[in-house]
Amino acid sequence: SDDGKLSFDEFKAYFADGVLSGEELHELFHTIDTQNTDNLDTEELCEYFSQHLGEYENVLSVLEDLNITILKAMDKTKKDYQEASNLEQFVTRFLLKETLNQLQSLQSSLECAMETTEEQTRQERQGPTKPEVLSVQWPGKRSARRLQKNSLLPNSPHFNTGWTEEDSQWMTQINRLQKLIDRLEKKDLKLEPFEEEVLEENAKSHIMIVQRQMSVIEEEIEEFRLALRQYVESASSQGGCLHVSIQKLPSDSRFIIYEFWENSNAWNSHLQMNYSKTFQRSNVDFLETPELITTMLVPGKY
């Protein structure tokens, strides 16, 4: 809440990683809260983590220097690029792209290491302990460790993670998506054999399809339904929302939400709305496992 300290709910929302249980998070919170105020300030957080940095103290120091260096380079680029020659502009674009590629390569390695350590810990901790998870998108913070983003293709090995239904149900879902897209266009779908299209940078001409899978705790289903109903009513009233559809799998307490948005900007704006954040926070108490979100952009016209 930008008041300079963290309550336990805020601490849990940020630090829950799908591995530590709610009791373990609560114990960790009070371990860091050396002043017993039920709120963590910056000094307490820094003091705790500084004792465990190890080799990562050098890593974070280098990253801080890298951040400053990149910001200086961006500032100079902004000042000089417009007046540079075509060749100089080309070199600048190349250097920006190469810098981005290097950072993305490093990021991929870190994400792989993070996923491996989390998965290893989950396997070691298999038992009655239920992990505490939260899928909240905080402005300016990465939430990839809480939300799994995969391809919508039915043959994708990533998409089948945690899915236990028959292939025939997959085809049913795909057919429903196809009909919804056709209905949005209000005309029959006609695909040309091949036509090249220049994609706009902001992708405003592409509809954003979002699939959200949520495994709900059996005892919390009725409360979840109420929160879900309020969320859908609020989302459907937004100008950029084209359609929202809900399905519940009969074999378990899994809900699937399909959301259609005019473009990615409309979806991103929706995530920052209070009703969306309220629904995400309420899922802390409702969901058994992290929410699985899948997004796909499709052409808005044919």
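Residues numbered from 1 in each chain as written. Predicted model: local features only at pLDDT ≥ 70, side-chain atom pairs only at ≥ 80, totals over all residues. Heavy atoms only, no water.

Enquirer: So what about the UniProt feature "domain: EF-hand" (unreviewed entry) in the protein? Which residues, and what values?
Expert: This chain's UniProt record puts "domain: EF-hand" (unreviewed entry) on residues 20–55. Taken as a whole, residues 20–55 contains 56% helix and 6% strand, while its terminal C-alpha atoms sit 23 Å from one another. (UniProt positions renumbered as here; feature names shortened; annotations may be inferred. Helix = DSSP H or I, 4+ residues; strand = E, 2+ residues; numbered from the N terminus.)

Enquirer: Now, about the packing of helix H2 (residues 22–32) against helix H3 (residues 42–50): what can you tell me, with residues and values included?
Expert: In contact at an axis separation of 9 Å, H2 and H3 are set at 105° when each is read in the N-to-C sense. On the basis of their axis angle, the class for H2 and H3 is roughly perpendicular. Here H2 contributes Leu28, Thr31 and Ile32 to the contact with H3, which in turn contributes Glu44, Leu45 and Tyr48. For the contact of H2 with H3, the class distribution of residues is four nonpolar, one polar and one charged. (Axes fitted to C-alpha atoms, helices over the stretch in contact; angles between N-to-C directions. Parallel < 35°, antiparallel > 145°, perpendicular 65-115°, else oblique. Contact = heavy atoms within 4.5 Å. Nonpolar A, V, L, I, M, F, W, Y, C, P; charged D, E, K, R; others polar.)

Enquirer: Requested: an account of the pairing of strand E4 (residues 241–248), with residues and values cited.
Expert: Strand direction decides the pairing type here: E4 and strand E5 (residues 254–261), joined by seven bridges, are antiparallel. Its bridge partner being in E5, Lys248 is matched across the sheet by Phe255. Counting the residues in the hairpin turn of E4 and E5 gives five residues. (Pairing = 2+ DSSP bridges.)

Enquirer: Provide a residue-level description of the environment of Gln211, including the pertinent values.
Expert: Tracing the chain through its elements places Gln211 in strand E3 (residues 206–215). Among the residues examined, Gln211 registers a relative accessible area of 3% and is labelled buried. Within polar-contact distance, the side chain of Gln211 engages the side chain of Tyr258 at 3.2 Å. (Buried < 20%, exposed > 50% of the residue type's maximum accessible area, 1.4 Å probe, protein only. Polar contact = N/O pair within 3.5 Å; in protein donor to acceptor, adjacent residues only side chain to side chain.)

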